[in-house]
Amino acid sequence: MLKKFLIIPTLILSLSLTGCFNKNLTKEKAEELVVEFLEDFRDGNYPAMYELTHDKYKYFNGIYSSEVPSNSYMFNAFSRNLYYEVQDVSLVKGEAVVKVHTDNIDAEKVLNRITATYIQACMDDTENNLDKDELLLETTKFCFDSHDNERVEHDTVFNLIKQDGKWAIESNIMIYDDITGGYMTYYYKNVVMKDLTDEMQNK
């Protein structure tokens with residue numbers, strides 16, 4: 001009889017250690033976390049979004065600026081134009097995988113349009129009468145508000161890991177690229193790589 005009483009507490013302890021009794025490590029909690037992340041992005045609350053990731057890395061630092069009107073408008077456009085649908089949630093060996101179908105404006109196409117429109121307007125302004133910052137803002141608004149913008153869809157995978165007894169999103173650049181319609185790829189290809197190429201050519 002004594003052995004039976006000893007087995008039960010041992011079993012309960014074992015189950016507790018494997019996380020079976022952790023209410024924060026369920027499929028429902030995993031989905032809720034990802035939805036919260038996406039809603040924070042749609043609200044433009046990027047600091048809150050970073051806090052939900054395992055390393056809290058600020059991927060938009062140096063890329064997003066609330067003080068630059070055209071840049072701020074662009075990011076707000078990405079945020080309000082994000083649509084998503086959770087497709088599947090699975091638990092595998094203490095980790096969670098949340099698959100989400102995301103849909104946003106095609107960043108590269110709209111930004112190429114903004115660039116071409118802005119450059120042409122600057123060339124037409126032969127007497128330099130236009131405020132270039134204001135021109136860029138108005139061009140950005142016009143292009144992002146167009147109903148003709150093409151959209152891009154992704155099957156975005158969120159990997160979640162256990163951290164402090166709760167789920168945390170394992171952050172990576174592809175998540176941020178997908179939810180911005182490919183803006184991260186555009187930025188690194190047209191800004192970072194261009195700067196590196198120019199630097200190498202000037203040496």
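Residues numbered from 1 in each chain as written. Predicted model: local features only at pLDDT ≥ 70, side-chain atom pairs only at ≥ 80, totals over all residues. Heavy atoms only, no water.

Draft legend 1. Summary view of the overall build of the chain. Along its length, the chain carries eight helices and four strands. Its helices and strands in sequence order give the chain the pattern α-α-α-α-β-β-α-α-β-β-α-α, from N to C terminus. Of the accessible surface of the chain, which amounts to about 12,600 Å², a share of 54% is contributed by carbon and sulfur atoms. (Helix = DSSP H or I, 4+ residues; strand = E, 2+ residues; numbered from the N terminus. Areas by Shrake-Rupley, 256 points an atom, 1.4 Å probe, with all protein chains shown as cover.)

Draft legend 2. Just the nonpolar core, in detail. In terms of nonpolar packing, the biggest core is built from 43 residues, with Phe37, Phe60, Phe144, Phe158, Leu160 and Tyr183 touching the most fellow members. If we ignore the near neighbours within four places in the chain, the residues touching phenylalanine 144 are Tyr73, Met74, Ala77, Phe78, Ile105, Val110, Leu111, Ile114 and Asn149. (Core = buried A, V, L, I, M, F, W, Y, C linked by side-chain atoms within 4.5 Å. Buried < 20%, exposed > 50% of the residue type's maximum accessible area, 1.4 Å probe, protein only. Contact = heavy atoms within 4.5 Å.)

Draft legend 3. Representation of the packing of aromatic side chains in the model. Counting across every chain of the model gives 21 aromatic pairs. The interplanar angle of 65° and the centroid separation of 5.1 Å between the aromatic rings of phenylalanine 60 and phenylalanine 75 together place this pair among those described as edge-to-face. Residue phenylalanine 60 is located in the loop between helix H3 (46-51) and helix H4 (69-80), and its partner phenylalanine 75 is located in helix H4; the two are separated by 15 residues in the primary sequence. The residues phenylalanine 60 and phenylalanine 75 share a single accessibility class, namely buried. For the ring pair phenylalanine 75 and phenylalanine 78, a centre distance of 6.3 Å and an interplane angle of 85° mean the geometry is edge-to-face. Taken as a pair, phenylalanine 75 and phenylalanine 78 lie in helix H4 at a separation of three residues, close to a single helical turn. Classification of phenylalanine 75 by relative accessible area gives buried; the value is 0%. Residue phenylalanine 78 is classed as buried on the basis of its relative accessible area of 0%. (Phe/Tyr/Trp six-rings, centres within 6.5 Å; stacked < 30°, edge-to-face > 60°.)

Draft legend 4. Local environment of the sheet that holds strand E3 (residues 151-163). Taken in spatial order, the four strands line up as E1-E2-E3-E4 in an open sheet, and their pairing is antiparallel. Every interior strand has two partners, whereas the edge strands, strand E1 (83-92) and strand E4 (166-169), have only one. Shown here is a sheet whose adjacent strand axes are inclined to one another by a mean of 25°, direction ignored. (Pairing = 2+ DSSP bridges. Axes fitted to C-alpha atoms, helices over the stretch in contact; angles between N-to-C directions.)

Draft legend 5. Layout of the pairing of E3. Bridge count for strand E2 (residues 95-105) against E3 is 10 bridges, and the pairing is antiparallel. Across the sheet, the residue bridging to lysine 99 is valine 157, located in E3. Alignment of E3 against E4, held across four bridges, turns out to be antiparallel. Pairing of glutamine 163 across the sheet is with lysine 166, part of E4. Here E3 folds back onto E4, and the loop between the two strands holds two residues, one of which, aspartate 164, carries a positive phi near 55°.

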